[in-house]
Amino acid sequence: MPLRAIVFALALCEACASSQPSPPAIDDSCAGPCPQSKIKHVVVVIQENHTFDNHFGRYCTAPAGSNPTCTNGAMCCERAPDTDASGNKPIVLDDAAQAFHDPDHTAECETKEMHGALMDRYATTVECGGPENLAVADQKTVQPYWDLAKTGALADRYFQPEIGQSSANDMYFARAAHVFDDNAFEPKGAFGTPCSLQSANIAEYTDTTLGDLLSAASVPWAFYVEGYDAQATAQRGGKCAERTDACPGNVNFSPCTFEPGDVPFEYFTSTRDNPKVIRDLSTLDVDLAIGTLPAIVFVKALGYHSEHPVARTRITDGVAFVSSIAQRIWASRYRASTLFLLTYDEGGGYWDHVPPPASPDTHAYGTRVPTLALGPFAKKNFVSHVVMEHSSLVAFLEWNFLGGVGQLKTRDAKVHNLGSLIDSQAAGVAVPE
């Protein structure tokens, strides 16, 4: 089935549900504390290295800088301006444009490019900027995401938790807090670390994570990772995994093989390579089929499916991956009980025109990243202007499954929750904003 047809089918899923055979019944009893809402399952797909303007800068139609307060559709979020504040015009971001250019997205470089609240030096910072860092996707490349936005809730003020690279921002899914800068370390002792380009710099931590809280409360959760079993099997044999034939990059490392630094729970001794919670993506279909899907699911693609630029990666491959995961959920018995969330770890060094607000602590927010809430619990054709970040997701999971926010005593106690994205009538309760 063509990708556009798949996405269109997803958009119609709710409307056609009543005319389709009912999926198999599932056990609605609660393992651990019952959710505070009707949302019994949350599926979070984490893509990589794109800003809000990258993907939705030409979907939104309100004038740049107009700060719309309405919430109904594309006219209620700001279009990316035709030039940045210094007069530089963005290029079209398509598969060809991102295939060979990975913007410098270290904290040092991004701080210079952001230039305080001006957001005007992405094209001109001598050390690390360039015209390719100003890039906005065309309709053809990201139309499926635009279609999904019309069926769900789009967050236009969701920021990466701190300035800098992926691993630092991924940590907020686990700790809702700063742990280290940029991609400073790989996880000590994890499958894949010896095969990483950064294997000389390793670290492990014993702090309490969201996963620890969930496990202690007997709330089932798992992090499904594409390519995990291949890397683990190869390493047990003293080797590194070889790239799959489908990977367009000709390398036997990321983006063609599993990268443990993309999984924040691999850094923590309580969850590192724990088969109860770190699983190969292939087992997602098994859990969907036999009725053993955990309450909370994180999904991480291999690099060439994650939209991370360079090494011949294609945005359209990432769009197809996300659409495939969504299709599996909507075709399963879990369709009516699941909130589906799509977000990005960080902006990847690309330009975004909206300056970040102040963060709750000393680690400043980076650029906005695309974030969608989808499924029966998401508001429809809605745009939220509430400031959120990855810690907001942690706060929501704590609230819904553990009975209260702030249990990590980090940003989870300070940030907005996800309530602005969720239909309170469908959820059966008003989720805090």
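What counts and how
Residues numbered from 1 in each chain as written. Predicted model: local features only at pLDDT ≥ 70, side-chain atom pairs only at ≥ 80, totals over all residues. Heavy atoms only, no water. Disulfide = S-S within 2.5 Å. Helix = DSSP H or I, 4+ residues; strand = E, 2+ residues; numbered from the N terminus. Axes fitted to C-alpha atoms, helices over the stretch in contact; angles between N-to-C directions. Parallel < 35°, antiparallel > 145°, perpendicular 65-115°, else oblique. Left-handed = near helix turned anticlockwise from the far one by under 90°. Contact = heavy atoms within 4.5 Å. Nonpolar A, V, L, I, M, F, W, Y, C, P; charged D, E, K, R; others polar. 1 Å grid on protein atoms, 1.4 Å probe; cavity = no way out; pocket = protein on both sides within 12 Å on 5 of 7 lines; lining within 4 Å. Points joined across faces, edges and corners; volume = space filled by probe spheres on them. pLDDT = per-residue confidence, 0-100. Salt bridge = Lys/Arg side-chain N within 4 Å of Asp/Glu carboxyl O. Buried < 20%, exposed > 50% of the residue type's maximum accessible area, 1.4 Å probe, protein only. Phe/Tyr/Trp six-rings, centres within 6.5 Å; stacked < 30°, edge-to-face > 60°. Pairing = 2+ DSSP bridges.

Draft legend 1. Expanded view of the state of the cysteines. Taken as a whole and assessed by the stated rule, the structure comprises 5 disulfides. Across the disulfide from Cys-60 sits Cys-77; the S-S distance is 2.0 Å. Its torsion about the S-S bond being -95°, the disulfide of Cys-60 and Cys-77 is classed as left-handed. Of this pair, Cys-60 sits in the loop between helix 2 (52–56) and strand 2 (91–93) while Cys-77 sits in the loop between helix 2 and strand 2, and the two are 17 residues apart along the sequence. Across the disulfide, Cys-195 is cross-linked to Cys-240 (sulfur-sulfur distance 2.1 Å). Its S-S torsion of approximately -95° makes the covalent link between Cys-195 and Cys-240 left-handed. Taken together, the positions of Cys-195 in the loop between strand 5 (186–187) and strand 6 (202–203) and Cys-240 in the loop between helix 8 (228–236) and strand 8 (278–280) put the pair 45 residues apart, joining distant regions of the chain.

Draft legend 2. Spotlight on the packing of helix 5 (residues 139–151) against helix 10 (residues 315–330). Two numbers describe how helix 5 lies on helix 10: the axes approach to 9 Å, and their chain directions differ by 20°. Looking at the two axes, helix 5 sits roughly parallel to helix 10. For helix 5 against helix 10, the interelement crossing comes out left-handed. The residues of helix 10 that touch helix 5, namely those facing Thr-141, Val-142, Pro-144 and Tyr-145, are Ile-315, Thr-316, Gly-318, Val-319 and Val-322. For the contact of helix 5 with helix 10, the per-class residue count stands at 6 nonpolar, 3 polar and no charged.

Draft legend 3. How the structure looks around the layout of surface pockets. For the largest pocket, the calculated volume is near 500 Å³. If you go around the largest pocket, you meet 25 residues; those closest to its centre are Asn-183, Gln-198, Ser-254, Glu-259 and His-308. The class makeup of the residues in the lining of the largest pocket is 7 nonpolar, 13 polar and 5 charged.

Draft legend 4. Structural detail: empty space enclosed by the protein. Enumeration according to the criterion identifies 3 cavities of 30 Å³ or more in this entry. Considered as a void within the structure, the largest cavity measures approximately 60 Å³ in volume. If you go around the largest cavity, the residues you meet are Val-44, Tyr-158, Leu-341, Thr-343, Thr-371, Leu-393, Leu-418 and Leu-421. Partitioning the lining of the largest cavity into residue classes produces 6 nonpolar, 2 polar and no charged.

Draft legend 5. Representation of the confidence of the model for the protein chain in the model. Looking at the protein chain as a whole, its pLDDT mean stands at 93, while 93% of the residues score no less than 70. For the stretch residues 1–10, pLDDT sits under 50, and the model shows 19 contacts to residues farther than four places along the chain or on other chains. Contacts for the low-pLDDT stretch residues 12–22, under 50 throughout, to residues beyond four places or in other chains number 6 contacts.

Draft legend 6. Spatial organisation of the pattern of salt bridges. Across all of its chains, the model carries 16 salt bridges by this definition. Between Lys-112 and Glu-127 there is a salt bridge; the shortest N-O distance is 3.0 Å. Taken together, the residues span a long stretch of sequence, with Lys-112 in helix 4 (residues 107–114) and Glu-127 in the loop between helix 4 and strand 3 (135–137) at a distance of 15 residues. According to the relative accessible area criterion, Glu-127 is exposed, its value standing at 57%. As a salt-bridge pair, Lys-188 and Glu-204 come within 3.9 Å of each other at their nearest N and O atoms.

Draft legend 7. Here's a closer look at the packing of aromatic side chains. On inspection of all chains with the given rule, the structure shows 17 aromatic pairs. Relative to Tyr-267, the ring of Phe-180 has its centre 5.3 Å away and its plane inclined at 55°; by these criteria the two rings are tilted. With Phe-180 in the loop between helix 6 (166–174) and strand 5 and Tyr-267 in the loop between helix 8 and strand 8, this residue pair connects regions lying 87 residues apart in the sequence. The two residues Phe-180 and Tyr-267 agree in class, both being buried.

Draft legend 8. Seen up close, the environment of Gln-143. Structurally, the position occupied by Gln-143 is in helix 5. The class of Gln-143 is buried, set by a relative accessible area of 8%. Taking C-alpha positions, Gln-143 is 30 Å from Cys-128, a pair spaced 15 residues apart along the chain.

Draft legend 9. Inspection of the pairing of strand 1 (residues 41–47) at higher detail. Counting buried positions along strand 1 gives 7 out of 7 residues, so the element sits mostly inside the fold. Burial along strand 1 is two-sided: His-41, Val-43, Val-45 and Gln-47 facing one way and Val-42, Val-44 and Ile-46 facing the other are all buried. Two strands pair when backbone bridges link them, and strand 1 and strand 10 (residues 338–344) are joined in this way by 7 bridges, in the parallel orientation. Counted as the bridge partner of Gln-47 is Tyr-344 from strand 10.

Draft legend 10. Quick peek at unusual backbone geometry. A cis amide bond, omega 15°, links Ser-254 with the succeeding residue Pro-255. Its place among the elements puts Pro-255 in the loop between helix 8 and strand 8.

Draft legend 11. Here's a closer look at the pairing of strand 7 (residues 221–225). The buried count for strand 7 comes to 5 of 5 residues, which makes it a mostly enclosed element. Alternating residues of strand 7 divide into Trp-221, Phe-223 and Val-225 and Ala-222 and Tyr-224, and every residue in both groups is buried. Pairing between strand 7 and strand 8: 3 bridges, direction parallel. When the sheet's bridge partners are listed, Tyr-224 is paired in strand 8 with Arg-279.

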